[in-house]
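Per-entry structural report
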Amino acid sequence: MKVVVNFDLCESNAVCMGIAPEVFEVRDDDFLYVLNEEPGEELRDKVVEAARRCPKQAIAVED
Amino acid sequence: MGTIAVVGASLAGLHAAEALRAGTGDAPGHDGQLVVVDASPTLPPDRPPLSKQVLSGEWDLAQAKVPLADRLDELGLDLRLGTAATSLSPAGGDGRTLTLSDGTELSVEGVVLATGGAVRHLPGPQLGGVHSIRTGEDVTALLADLDAGPSRVVVVGAGFIGAEAAATCRGRGLEVTMLEAAAAPMERVLPGEVGAFVADLHRDQGVDVRLGTGVERLEAGDDGRVRAVHLADGTVVQADVVVVGIGVVPQVDWLAGSDLELRNGVLCDSTMLAGPRVVACGDVACWPNPHFGEEMRVEHWENAVEQGGHAGRRLLDELAGRPGTPFAPVPWFWSDQYDRKIQLAGRPTATDEFVLVDGTVEERRFAALFRRGDRCTAVLGVNRPRHVMQARMQLAQSLAWDDAAALFAPKD
């Protein structure tokens, strides 16, 4: 699984971080950092949930 | 399998349809006919960008698509746009009858109500140059008027839509007056000190903000277009364009005479079931949220996504005779105004104690918790998304004040 963020769309709402903090982190500079671009399968449900709830639809999960 | 109908093809309705197809952990999805009707002649747009990217001209209207817009074929929907639902019969032994504006009578085994809200209008005749921001047509018409270079835009209402419209119009270099009948912007959901902050934010950007002043009437010129706004305090503001953002009314008129209870929208139980074989979701649905012990109707984007999915699964449970689970979220929204991102999670009231936990209001970058007795009712952040989301996750676990406050306690 590969996590791809479209940073042109990302508005740092941090919804993804709330759902999958193992993968997504919004830091004090207000930018999103992807901590792990190829998270393990055990995180798939969380990452898919984060992608679904992103208000900017900026997260893609590629197999 | 029979037919299920979803009334409303916006965010909540489409997410309900997706959940109906996907099924639940316990049961497969609906593989029969899935009819989705909407009065709009085109698929309704995603709304958050309307008052921001679309109004600014950064995006074309076509770019404001709801997340499922590209997956409609995959969901196998019988999508009937330009078609409203006009009545819903009580549940018989094997279903209900949904009547549509084209005269069709659909026999359905279950119904999702996701008709959303209709904008409130100012009283009096409809004048040219007066706009709402709810539908694609609304924004197209407003953009045409803004492109003509009005000398002043008057925004009526300083809620989210009004405040974002004011910010976007300023970004286009237009002169803007923002009127609010309440003593502070966003007074319905935010305490006064936060509203004062929002008013100052707009004033610093050159918006003429007037609070505690209702609109008496709009004055038309000889061409039938608005020319001035008369305020309740007797003052008159010249205006070529008026943007009205004074809230929405749940669209439930067509359900009068049905067996459903209509109170602040369609009243549901805690699982989003509105009656036998009927669920509701999105802006039209009112339900007791057990997490807060409070009846609520939530008009936010994420609620439409989550509640739509929940309602779809709840309908599958209903049709299979299973009890369903409560819908108990911590509501969350964001609003972008100029370079500030305002986010709120929870359910504050104007009387809750406002407790700053990071930054200061003066620097316009802060996070605050709201306290009511031993409860934390909400978290608010201005350019503090990380704080808001961490607190929101905590609030989803527990509303205990001590647990929320501990998140932001100084570490040593």
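Bear in mind that the values here come from a model prediction, so they are computed numbers and not experimental data.

**Some remarks on the pairing of strand S24 (residues 340-346) of chain B**
A regular strand carries its side chains on alternate faces of the sheet. All names here are of chain B. Most of S24 sits inside the fold, with six of its seven residues counted as buried. Bridge analysis of strand S23 (residues 332-337) against S24 gives six bridges, and the strand direction is antiparallel. Directly across from serine 335, in S24, lies its bridge partner isoleucine 342. Hairpin connection of S23 to S24: two residues between the antiparallel strands, including tyrosine 338 at a positive phi of 55°. In terms of strand pairing, S24 meets strand S27 (residues 375-382) through five bridges, oriented antiparallel. The partner of glycine 346 across the bridge, within S27, is alanine 378.

**Focus on the environment of B:Ser51**
All names here are of chain B. Within the fold, serine 51 resides in helix H2 (residues 50-56). With 28 C-beta atoms counted inside 10 Å, the residue serine 51 sits in the buried group. Sequence separation between serine 51 and valine 139 is 88 residues; the distance between their C-alpha atoms is 8.1 Å. Residues in contact with serine 51, not counting those within four places in the same chain, are Ile133, Ile161, Glu164, Ala165 and Thr168.

**Here's the deal with the domain arrangement of chain B**
Put simply, an interface is often sized by how much accessible area is lost when its parts join up. Its domain assignment divides chain B into domain 1 (4-49 + 60-118 + 249-320), domain 2 (121-246) and domain 3 (339-407). Relative placement of domain 1 of chain B and domain 3 of chain B: their C-alpha centres are 32 Å apart.

Rules and cut-offs
- Residues numbered from 1 in each chain as written.
- Chains lettered and ligands numbered in written order.
- Predicted model: local features only at pLDDT ≥ 70, side-chain atom pairs only at ≥ 80, totals over all residues.
- Buried ≥ 20, exposed ≤ 12 C-beta atoms within 10 Å, placed from the backbone.
- Helix = DSSP H or I, 4+ residues; strand = E, 2+ residues; numbered from the N terminus.
- Pairing = 2+ DSSP bridges.
- Contact = placed C-beta atoms within 7 Å.
- Domains from an automatic or database assignment.

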